[in-house]
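# Structure assessment
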Amino acid sequence: MCIELKNSELIPTEFHEKNGDTNMFKVTIERNKCTSCGTCEDLCPEYFELAEDAFAHIKGSKKAEVEELELEDADCCIDAAESCPVMCIHVYEDGAEVI
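Treat the numbers as computed from the prediction; the structure is a model and nothing was measured.

The rules we used
- In every chain, residue numbers begin from 1 and rise along the written sequence.
- Reporting of local features is limited, given that this is a predicted model, to residues whose pLDDT is at least 70; pairs of side-chain atoms are given and counted only at 80 or more, and all residues count toward the totals for whole chains, interfaces and linings.
- With hydrogens and water excluded, all non-hydrogen atoms of the structure serve as input to the side-chain values.
- Put simply, a salt bridge is a Lys or Arg side-chain nitrogen that is within 4 Å of an Asp or Glu carboxyl oxygen.
- Only runs of H or I of at least four residues qualify as helices and only runs of E of at least two qualify as strands under DSSP, and these elements are numbered from the N terminus.
- For each residue, the accessible area found with a 1.4 Å probe, counting protein chains only, is set against the maximum for its type, and the residue is called buried under 20%, exposed over 50%, and partly exposed in between.
- Should any heavy atoms of two residues lie within 4.5 Å, those residues are counted as being in contact.
- Two strands pair under a simple rule: DSSP has to find at least two bridges between them.

## Some points on the pattern of salt bridges
Taken as a whole and judged by the stated rule, the model has 5 salt bridges. Linking aspartate 53 and arginine 31 is a salt bridge whose minimum nitrogen-to-oxygen distance equals 2.7 Å. Highlighted residues: aspartate 53 in the loop between β4 (48–50) and β5 (56–58) and arginine 31 in the loop between β3 (25–30) and α2 (39–43), separated in sequence by 22 residues. In this structure, arginine 31 engages glutamate 67 in a salt bridge whose closest nitrogen and oxygen atoms are separated by 3.5 Å. Here the residue arginine 31 occupies a position in the loop between β3 and α2, and glutamate 67 occupies one in strand β6 (residues 66–71), the gap between them amounting to 36 residues. With respect to class, arginine 31 is no different from glutamate 67; both count as buried. Three or more residues are tied together by salt bridges with common partners; here these are Arg31, Asp53 and Glu67.

## Here's the deal with helix α3 (residues 75–83)
Since the α-helix packs 3.6 residues into each turn, any two residues three or four apart lie on the same face. Cys76, Cys77, Ile78, Ala80 and Ala81 are the residues of α3 that are buried. Tucked into the core, α3 has its buried residues touching β3, α2, β4, β6 and β7 (89–93).

## As for the pairing of β3
The buried fraction of β3 is high, at 5 of 6 residues. As defined by bridge partners, β3 adjoins β6 across 6 bridges and the pair is classed as antiparallel. Directly across from phenylalanine 25, in β6, lies its bridge partner leucine 71. Bridge count for β3 against β7 is 5 bridges, and the pairing is antiparallel.

So far we have only geometry, and geometry alone does not tell us how the molecule works.
Set out below in structure tokens:
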């Protein structure tokens, strides 16, 4: 059984899932800063691809200067954000910037 620390108490993860108390992530990318290196696509092909214009694109989002997508799990997106040489990928958890 997985557990997580919340308010200094150990609470079963299943409790949060049943009660809708799961963390939400938002991933954004500033496409105008992208250098088309492809690192995000290599590390997280589930969510990133290089679009026809050769700049990174978040799959499932509308193409725009700044794209965003809400997710329940952002593990590989965090890896992509940490590895982006120009830091144009940002990940937020419940509204607070993670990276």
